[in-house]
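Fold and geometry: a report
This is what each chain is made of:
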Amino acid sequence: MKTRLPLALLLTALLAPALSGCFPALVAGTAAGVISLHDRRTTGTQTDDETTEWKAAGRIPKEFKDKSRVSFVSYNRRVLITGEVPSEEASQAIERQTRSIEGVREIYNELTIGTPATLSMRSGDAFLESKVKARLVDSRQISANHIKVVAERGQVYLLGVVNEKEAKVAITVARTTAGVRKVINVMEILSDADINRLNEQALLATKKPAPATPAPSENR
C-alpha cells in the first residue's frame, strides 16, 4: 500500500541540505502514483553537466571574482548563470568564458548588476527552492527528479527535460508557491514520443545486467 508523505515532512527533508547548497535526489510520483527514480539525461550528460559547472566557476576572470557572486547550473548542457556582478563588462566576460566550454549548447545569462546578495537573502532563496521542490513532490503529477529548481532574489528558474503537460504543471506549482515573485521557464520541452523514448532508455540503463553464464567444467 502506497503512502503519501505530508508536505511538512518533505520540507524538513529538503530544507537542511538545501541551505548547504546541496539538493537531495528526492522524486515525486507520476499521476498514477509510480515513483520515478531515473534521470532523462544519460550518465555521460549528467557527468558533463557537473564538469561544466566547476569549469565555469573556475573561469570567472580574476578582476571580477572578489566583487561577484556567480552560480552556474548546467542541465542537459544548457547553462543558467545567476548572481550579481559589478558591471555589464563582468557579465559579458563571464558569459563568454562559459560559452567557450566544450559541449555547452545554450547559455541563459541572468546575472544582475549590483552588490552580492546577503546571507539572509541566499537562505531565503534556498528555503524557496525547497518549498517549490516539495510542492512538486506533493502534486503527484510530475517527477520532481526531472525538474531543477533555482531561486534568485525570489525569482524561480525551472530547468529540465519535460513534455508540455509536465512543463505546465511545474510552472503552475512554482507560480502558486508563497514567496515566489516571478517564474522563468528555461525547461527543454520535447514531444511525448521523445519523452517516452528517453524514459525507456533511462529505465534500461538502471537495470542490472544479467549474470554471465558460467563456463562448463569437467574432470580429467
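Structure shown above.
A brief structural summary. Treat the numbers as computed from the prediction; the structure is a model and nothing was measured.

So, how was this worked out
- Residues numbered from 1 in each chain as written.
- Predicted model: local features only at pLDDT ≥ 70, side-chain atom pairs only at ≥ 80, totals over all residues.
- Heavy atoms only, no water.
- Helix = DSSP H or I, 4+ residues; strand = E, 2+ residues; numbered from the N terminus.
- Buried < 20%, exposed > 50% of the residue type's maximum accessible area, 1.4 Å probe, protein only.
- Contact = heavy atoms within 4.5 Å.
- Pairing = 2+ DSSP bridges.
- Phe/Tyr/Trp six-rings, centres within 6.5 Å; stacked < 30°, edge-to-face > 60°.
- Lys NZ or Arg CZ within 6 Å of the ring centre and 35° of its normal.
- Salt bridge = Lys/Arg side-chain N within 4 Å of Asp/Glu carboxyl O.
- Polar contact = N/O pair within 3.5 Å; in protein donor to acceptor, adjacent residues only side chain to side chain.
- Expected span 1.5 Å × (residues − 1).
- Arc of directions from axis to C-beta.

A few points about the overall build of the protein
Looking only at helices and strands, one finds seven helices and eight strands in the protein. Looking at the protein as a whole, 43% of its 220 residues are labelled buried. Looking at the protein alone, contacts between residues at least 24 apart form 69% of all its contacts between residues at least 6 apart.

Considering the pairing of strand S5 (residues 147-152)
The buried count for S5 comes to five of six residues, which makes it a mostly enclosed element. As paired strands, S5 and strand S6 (residues 155-162) are joined by six bridges and run antiparallel to one another. By the bridge assignment, Val149 is partnered in S6 with Leu158. The hairpin turn running from S5 into S6, its antiparallel successor, is two residues long, and Arg153 in that turn takes a positive phi close to 55°.

What about the packing of aromatic side chains?
The way to describe two aromatic rings as a pair is by their centre distance and the angle between their planes. This model, assessed by the stated rule, comprises zero aromatic pairs. Positioned over the ring face of Tyr75 is Arg41, at 4.1 Å from the centre of the ring.

Regarding the pairing of strand S2 (residues 78-85)
By the criterion of burial, S2 is predominantly enclosed, with eight of the eight residues buried. Of the two faces of S2, both are covered, the one formed by Arg78, Leu80, Thr82 and Glu84 as well as the one formed by Val79, Ile81, Gly83 and Val85. Alignment of strand S1 (residues 69-75) against S2, held across seven bridges, turns out to be antiparallel. Each bridged residue has a counterpart across the sheet, and for Val73 the counterpart in S2 is Leu80.

Comments concerning the environment of Arg181
In this fold, Arg181 is placed in the loop between helix H6 (164-175) and strand S7 (182-185). On a C-alpha basis, the gap between Arg181 and Gln155 in space is 5.4 Å, while along the polypeptide they are 26 residues apart. Ignoring sequence-local partners within four residues, the contact set of Arg181 consists of Arg153, Gly154 and Gln155.

Comments concerning the pattern of salt bridges
Under the defined criterion, the tally for this structure stands at 12 salt bridges. Linking Arg77 and Asp48 is a salt bridge whose minimum nitrogen-to-oxygen distance equals 2.6 Å. Of this pair, Arg77 sits in the loop between S1 and S2 while Asp48 sits in helix H2 (residues 43-58), and the two are 29 residues apart along the sequence. Each of Arg69, Glu84, Glu152 and Arg153 takes part in salt bridges that share partners, so that together they form one network.

Thoughts on the environment of Arg78
Within the element layout of this structure, Arg78 appears in strand S2. In this structure Arg78 comes out as buried when scored by relative accessible area, which is 7%. The spatial distance from the C-alpha of Arg78 to the C-alpha of Glu188 is 9.0 Å, given a sequence separation of 110 residues. Dropping the residues within four chain positions of it, Arg78 is found in contact with Val73, Arg105, Glu106, Tyr108, Leu159, Val186, Met187 and Glu188. Looking at Arg78, its side chain comes within polar contact range of the side chain of Glu106, at 3.1 Å.

Remarks on H2
Given a rise of 1.5 Å per residue, 16 residues ought to cover 22 Å, and the 23 Å separating the end C-alpha atoms of H2 matches this to within 8%. Taken residue by residue, H2 has Thr45, Asp49, Thr52 and Ala56 as its buried positions. Buried residues of H2, seen end-on, are gathered within an arc of 60° and therefore sit on one face of the element. More than 90 degrees from the buried face of H2, the exposed residues found are Thr43, Glu50, Trp54 and Gly58.

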